[in-house]
Amino acid sequence: MDSKDRILYILVSGVMLLLLIIVLGDFYISLKENRPIDDSVVQILQMSITGIIGIIGGYFGMKRNEDK
């Protein structure tokens, strides 16, 4: 595994860990306070997942071009 692979894995796993902490924290607070889930957390999830898909897609597209 080269350095580009490691950077991608660290980036994606870090963002996923951060999202997990944010979502679990908001769910916990929502349960404790008996309120609905905050809409901004759902928007953060949507945008982040879209970004992660773009990063991974760009990485595999770049890797495919290097193999040719």
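Structure shown above.
Since we're looking at a predicted model, the values are computed, not measured.

Rules and cut-offs
- Residues numbered from 1 in each chain as written.
- Predicted model: local features only at pLDDT ≥ 70, side-chain atom pairs only at ≥ 80, totals over all residues.
- Heavy atoms only, no water.
- Helix = DSSP H or I, 4+ residues; strand = E, 2+ residues; numbered from the N terminus.
- Contact = heavy atoms within 4.5 Å.
- Patch = residues over 30% accessible without salt bridge, like charges linked within 9 Å, V, L, I, M, F, W, Y side chains within 5 Å.
- Areas by Shrake-Rupley, 256 points an atom, 1.4 Å probe, with all protein chains shown as cover.
- Salt bridge = Lys/Arg side-chain N within 4 Å of Asp/Glu carboxyl O.
- Phe/Tyr/Trp six-rings, centres within 6.5 Å; stacked < 30°, edge-to-face > 60°.

**Examining unusual backbone geometry**
Now for step 1: The phi angle at N34 is positive, at roughly 50°, despite the residue not being glycine.
Now for step 2: Relative to the elements of secondary structure, N34 occurs in the loop between α1 (3-33) and α2 (39-67).

**Let's talk about the side chain of D5**
Now for step 1: As for its position among the elements, D5 is in helix α1.
Now for step 2: Once you skip the residues sitting within four places of it in the chain, D5 turns out to touch Y59 and K63.

**Description of a nonpolar patch on the surface**
Now for step 1: Together, L17, L20, I21, L24, F27, I37 and V42 give the surface a local cluster of nonpolar side chains, amounting to about 620 Å² of exposed area.
Now for step 2: The greatest single-element share of the nonpolar patch, amounting to five residues, is contributed by α1.
Now for step 3: Summarising the element assignment, L17 is placed in helix α1.

**Focus: the packing of aromatic side chains**
Now for step 1: Under the counting rule described, the total for this entry stands at one aromatic pair.
Now for step 2: Centroid distance Y59 to F60: 5.5 Å. Interplanar angle 65°. Geometry classified as edge-to-face.

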